[in-house]
Amino acid sequence: MLFRSARAVSGATRLLVVAGNSQNLPVSQTARTSLTVQAVNDNGQAVPNVPVTFSVSGTPNGASGQAVIVGSTRATSAGATTDSSGQASARFAAGGTAGGYTVTASVTGLTPVSFTETALPTFTLRGSVRGVDILGAPLTPAAGSASYPAVSGASVQLSQSEF
């Protein structure tokens, strides 16, 4: 009697997240760290030449413009192939809406893995800091941070006005 198992592509049995999960980035910008996965076999060894699909699978309500980028392809879904170390990567570009985005990496026959990225709003500062006029200067969070860096010795007075 002959038994055949339903094996995944090229001997890969698991897909692992290697880098790029849980990044913060400004809206409408591309994350600094690529979303990277690794295909491995039952022994944990890297499996090359495995086709991986990266897809934007979750967005904030009303979001548009979000994409995964593989080579010159920029779309809501793009394919990559694992290299000699079993890794495949895509870059993520946030849409124009602040909030959480999910990118799923999948391989036929394997359990998909997900990356959760957060697009942060960009604010515009209008006013002056110690006599220096600042009009329309965009403020965006520091890379990898959900807060703004401290500035030593600066005093800032904020007021609301109608424009």
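Here is a short report on the structure shown in this document. (Residues numbered from 1 in each chain as written. Predicted model: local features only at pLDDT ≥ 70, side-chain atom pairs only at ≥ 80, totals over all residues. Heavy atoms only, no water.)

**Brief notes about the sheet that holds strand β6 (residues 73-75)**
By definition, the strands of a sheet pair up through backbone hydrogen bonds, in either a parallel or an antiparallel sense.
Point 1. Overall, antiparallel pairing links the five strands, which are arranged β1-β3-β8-β5-β6 in an open sheet. Only two strands of the sheet have a single partner each, and these edge strands are β1 (14-19) and β6. Shown here is a sheet whose adjacent strand axes are inclined to one another by a mean of 30 degrees, direction ignored.
Point 2. By the bridge criterion, four bridges tie strand β3 (residues 35-40) to strand β8 (residues 87-93) in an arrangement that is antiparallel. Bridge pairing links V37 to A88 in β8. (Pairing = 2+ DSSP bridges. Helix = DSSP H or I, 4+ residues; strand = E, 2+ residues; numbered from the N terminus. Axes fitted to C-alpha atoms, helices over the stretch in contact; angles between N-to-C directions.)

**A closer look at the environment of Q29**
Point 1. Tracing the backbone through its elements, the reader meets Q29 in the loop between β2 (24-26) and β3.
Point 2. As for Q29 and F92, which are separated by 63 residues in sequence, their C-alpha atoms are 8.5 Å apart.
Point 3. Residue contacts for Q29: discarding those within four places in its chain leaves F92, A93 and A94. (Contact = heavy atoms within 4.5 Å.)

**Some details on the packing of aromatic side chains**
Point 1. On inspection of all chains with the given rule, the structure shows one aromatic pair.
Point 2. An angle of 55 degrees between the planes, with centres 5.6 Å apart, marks the rings of F92 and Y101 as tilted. (Phe/Tyr/Trp six-rings, centres within 6.5 Å; stacked < 30°, edge-to-face > 60°.)

**Quick look at unusual backbone geometry**
If a residue is not glycine, its phi is most likely negative; likewise, a peptide bond is most likely trans.
Point 1. Backbone geometry places S28, a non-glycine residue, at a positive phi of 60 degrees.
Point 2. With respect to the helices and strands, the residue S28 is situated in the loop between β2 and β3.
Point 3. Of the residues examined, S28 reaches a relative accessible area of 48% and is grouped as partly exposed. (Buried < 20%, exposed > 50% of the residue type's maximum accessible area, 1.4 Å probe, protein only.)

**Quick notes on the sheet that holds β2**
Point 1. Ordered in space as β2-β10-β9-β4-β7, the five strands form an open sheet in which the pairing is mixed. Looking at which strands have only one partner, the edges of the open sheet turn out to be β2 and β7 (77-81). Here the strands of the sheet are splayed against their neighbours by 30 degrees on average, with no regard to which way each runs.
Point 2. Looking at chain direction, β2 and strand β10 (residues 113-120) are connected through three bridges and run parallel. The partner of L25 across the bridge, within β10, is A119.

Keep in mind that these numbers describe shape and distance, not what the molecule does.
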